Amino acid sequence: RFIGSMNAFHLGYIFNQLYDRNEMTVDEIAIIEWPFAFMFKEIRRYTTSPLAIHRLLRNDPAFFSQIVSLCFKTDTQVLSEQIKDQDPIKERLAENAFELLRSWNLMPGLKDDGTMVDKELMDWVLSARMHCAESNHVTGGDMQIAAMLAHAPGDSDGTWPHTAVRNIVEFLNSDLIDSHICTDVENSRGVTSRSLDEGGK
């Protein structure tokens, strides 16, 4: 699992070739990308198009639900039952799923020109929550939906978040989603520091 710039560069070059040749479907390329999930954030620096597996997440809420189910406990499990899996294969799948979600930066409904299609985003969120409910992963799904909404763009007048996101937040009326959006926004600021005599402003 050595992460080197040259490794990421070469993988990015290979993926670019797959995208440009257009000989494989997004699903087929996503399968090739999946083993390298732990490098996605680095690889993204060297690809000219979004990763196929990120595009698959944006376009397929059922796939999103499958990824959530790999790295989150079910809603009926108590905390004491959530023990680190001793199966190395399941553990690696969970790690890949977590890294995939953490590196995902494509928002459903958001177009290349920066415009947002409200209905596409709403339909994706509702479908994703339905699939997560079917697998009993509503909590994990809502946490990741909140993380996605926290990185939404603003409106053309500078108001944040976009109207489409505000509509979803009001429609869902979920304390969990609301609180995790706030948490993700705060965490996205990164590390801050101040001088010893600056005070607490």
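Residues numbered from 1 in each chain as written. Predicted model: local features only at pLDDT ≥ 70, side-chain atom pairs only at ≥ 80, totals over all residues. Heavy atoms only, no water.

Q: Could you clarify how one ought to interpret helix α2 (residues 26–33) in this entry?
A: The periodicity of an α-helix, 3.6 residues per turn, causes residues three or four places apart in sequence to face the same way. Residues I29, A30 and E33 constitute the buried set of α2. All buried residues of α2 fall inside an arc of 105° around its axis, so they share one side. (Buried < 20%, exposed > 50% of the residue type's maximum accessible area, 1.4 Å probe, protein only. Helix = DSSP H or I, 4+ residues; strand = E, 2+ residues; numbered from the N terminus. Arc of directions from axis to C-beta.)

Q: What is the right way to look at the pattern of salt bridges in this model?
A: Pairing between side chains of opposite charge can happen when their charged atoms approach one another. One pass over the structure, following the stated rule, counts 7 salt bridges. Measuring nitrogen to oxygen at the nearest pair gives 3.0 Å for the salt bridge that ties E120 to K111. Classification of E120 as partly exposed rests on a relative accessible area of 36%. R166 is paired through a salt bridge with D155; the nearest N and O atoms lie 3.2 Å apart. Placement of the pair is R166 in helix α9 (residues 163–172) and D155 in the loop between α8 (138–150) and α9, with a sequence separation of 11 residues. (Salt bridge = Lys/Arg side-chain N within 4 Å of Asp/Glu carboxyl O.)

Q: Looking at this model, I keep getting lost on the packing of helix α7 (residues 118–134) against α8. Mind explaining?
A: The packing of two helices is summarised by the inter-axis angle and the distance between the axes. α8 packs onto α7 with a crossing angle of 155° between their chain directions and a minimal axis gap of 8 Å. In terms of axis orientation, α7 runs roughly antiparallel to α8. Of the two elements, α7 crosses α8, and the hand of that crossing is right-handed. Between α7 and α8, the contacting residues are L121, W124, V125, A128, R129, C132 and A133 on the first element and V138, G141, D142, I145, M148 and L149 on the second. (Axes fitted to C-alpha atoms, helices over the stretch in contact; angles between N-to-C directions. Parallel < 35°, antiparallel > 145°, perpendicular 65-115°, else oblique. Left-handed = near helix turned anticlockwise from the far one by under 90°. Contact = heavy atoms within 4.5 Å.)

Q: Before we go on, may I ask you to explain the environment of S49 in this structure?
A: With respect to the secondary-structure elements, S49 resides in the loop between α3 (40–43) and α4 (52–59). Judged by relative accessible area, which is 25%, S49 ranks as partly exposed. Residues contacting S49, with those up to four places away along its chain left out, are N16, Y19 and R55.

Q: Sorry if this is basic, but what is going on with the layout of surface pockets here?
A: Empty space left among the atoms is revealed by rolling a probe the size of a water molecule over them. Estimates place the volume of the largest pocket at around 520 Å³. Together, 18 residues line the largest pocket, and L101, R102, W104, A147 and H151 are the ones closest to its centre. Of all the elements in the fold, those that place two or more residues in the lining of the largest pocket are α6 (88–103), α8 and α10 (175–187). A per-class count over the lining of the largest pocket returns 9 nonpolar, 5 polar and 4 charged. (1 Å grid on protein atoms, 1.4 Å probe; cavity = no way out; pocket = protein on both sides within 12 Å on 5 of 7 lines; lining within 4 Å. Points joined across faces, edges and corners; volume = space filled by probe spheres on them. Nonpolar A, V, L, I, M, F, W, Y, C, P; charged D, E, K, R; others polar.)

Q: I'm lost on a nonpolar patch on the surface in this one. Help?
A: A surface patch of nonpolar side chains, about 250 Å² in accessible area, is lined by L70, I89 and L93. Relative to the assigned elements, L93 resides in helix α6. (Patch = residues over 30% accessible without salt bridge, like charges linked within 9 Å, V, L, I, M, F, W, Y side chains within 5 Å. Areas by Shrake-Rupley, 256 points an atom, 1.4 Å probe, with all protein chains shown as cover.)

Q: Please clarify how the packing of aromatic side chains should be interpreted in this entry.
A: To describe a pair of aromatic rings, one takes the distance between the centres and the angle between the planes. Counted under the stated rule, the structure contains 5 aromatic pairs. Measuring from ring centre to ring centre gives 6.1 Å for F64 and W104, while their planes differ by 45°; the resulting arrangement is tilted. You can see F64 sitting in helix α5 (residues 61–71) and its partner W104 sitting in the loop between α6 and α7, a full 40 residues away along the chain. Take F64: its relative accessible area is 0%, and that puts it in the buried class. The class of W104 is buried, set by a relative accessible area of 12%. Three or more aromatic residues link up through ring pairs in this structure, and these residues are F64, W104 and W124. Over the ring of Y19 we find R55, and its NZ or CZ is 4.8 Å from the ring centre. (Phe/Tyr/Trp six-rings, centres within 6.5 Å; stacked < 30°, edge-to-face > 60°. Lys NZ or Arg CZ within 6 Å of the ring centre and 35° of its normal.)

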